[in-house]
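The primary structure of each chain is shown beneath.
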Amino acid sequence: MNHNKKIVIIGLLIIVMCFTACGHNKQDNPYGPAMAELGDEDAYAFLDMDYKNYVMVTSDGLYDAGIERQAAIYCTVYYYVKDEAINLGTIMSDGTAYPISFSKDGIFTASGHRIEKYAISEKDGELYLKKGVYVEYDEEGNERYTSVTDGKEAESNEEEYEKMVEEYGGSQAVHFSYGADGCINEIIEY
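Draft legend 1. Layout of the overall build of the chain. The secondary structure content of the chain amounts to three helices and 14 strands. Taken over 190 residues, the chain has a buried fraction of 44%. At a minimum sequence separation of 6, the contacts of the chain that also span at least 24 residues come to 46%. Of the accessible surface of the chain, which amounts to about 10,600 Å², a share of 50% is contributed by carbon and sulfur atoms.

Here's what the structure looks like:
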């Protein structure tokens, strides 16, 4: 058997394993075609959130974040809507101190000066910034806080920023996997 046929067979086996492993408490895995297009370096995760279907995220930039051995600072987000898995776009944190994480109602990115929470509109399948809080410093070191909520920008304050920092800190780092074992990410209650 030539090398290309082996790769195709192994790829198909991985997809079959994921269909069986990732089908619990949500409908059958609709992400097979998107998974088949992943490269050798791409890892993926299915996020069990407050949506009808799992949210699939992929990344080729995994690292050990200490709290999660297979974390990433950027990922591409997919969601199954209108009978197909749609690539909704890529989101990114600003460094390895800020792994992509999630809660039941959002996917988080962060940096030392911003926290952003993304959600998916199930109606039209769009990824959007649900809430973002930012801090900027002028030349004298004075802080200026702003926020964006559902597309509307407003002045903010340190309290709102710290609340978002706390929400991000309470979210769960995404565990990316190269196969069906460990691909489902559920919120762990302590």
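Next comes the rest of the account.
Draft legend 2. Layout of the nonpolar core. In this structure, L47, V55, V57, V77 and I107 are the most contacted members of the largest nonpolar core, which totals 32 residues. Elements that contribute at least two residues to this core include exactly α2 (32–36), β1 (43–47), β2 (55–59), β5 (74–81), β6 (84–92) and β9 (114–121). Among residues more than four places away in sequence, those in contact with L47 are Y54, V55, V57, F102, I107, V174 and N185.

Draft legend 3. Inspection of the side chain of S103 at higher detail. Relative to the helices and strands, S103 is located in strand β7 (residues 101–103). The class of S103 is buried, set by a relative accessible area of 14%. In this structure the side chain of S103 is engaged in a polar contact, spanning 2.9 Å, whose partner is the side chain of D105. Filtering out sequence-adjacent residues up to four positions away, S103 remains in contact with M49, F108, K117, S171 and I187.

Draft legend 4. The sheet that holds strand β10 (residues 126–137), seen in detail. Sheet architecture is open: seven strands sit in the order β12-β11-β10-β9-β8-β7-β13, paired in antiparallel fashion. Sheet topology places β12 (152–155) and β13 (172–173) at the edges, where each strand pairs with a single neighbour. For β9 and β10, the ladder comprises eight bridges, and the chain directions are antiparallel. By the bridge assignment, S121 is partnered in β10 with E126. Most of the contacts of helix α3 (residues 158–170) go to β10, to which it runs at about 125°, and overall it touches β7, β8 (106–111), β9, β10, β11 (143–149) and β13.

Draft legend 5. Broad picture of the sheet that holds β6. If you walk across this open sheet you meet the five strands as β6-β5-β2-β1-β14, and the pairing is mixed. If you trace the sheet from one side to the other, it starts and ends with β6 and β14 (184–185), each paired once. With two bridges joining them, β1 and β14 adopt parallel strand pairing. Paired with F46 across the bridge in β14 is I184.

Conventions used here
- Residues numbered from 1 in each chain as written.
- Predicted model: local features only at pLDDT ≥ 70, side-chain atom pairs only at ≥ 80, totals over all residues.
- Heavy atoms only, no water.
- Helix = DSSP H or I, 4+ residues; strand = E, 2+ residues; numbered from the N terminus.
- Buried < 20%, exposed > 50% of the residue type's maximum accessible area, 1.4 Å probe, protein only.
- Contact = heavy atoms within 4.5 Å.
- Areas by Shrake-Rupley, 256 points an atom, 1.4 Å probe, with all protein chains shown as cover.
- Core = buried A, V, L, I, M, F, W, Y, C linked by side-chain atoms within 4.5 Å.
- Polar contact = N/O pair within 3.5 Å; in protein donor to acceptor, adjacent residues only side chain to side chain.
- Pairing = 2+ DSSP bridges.
- Axes fitted to C-alpha atoms, helices over the stretch in contact; angles between N-to-C directions.

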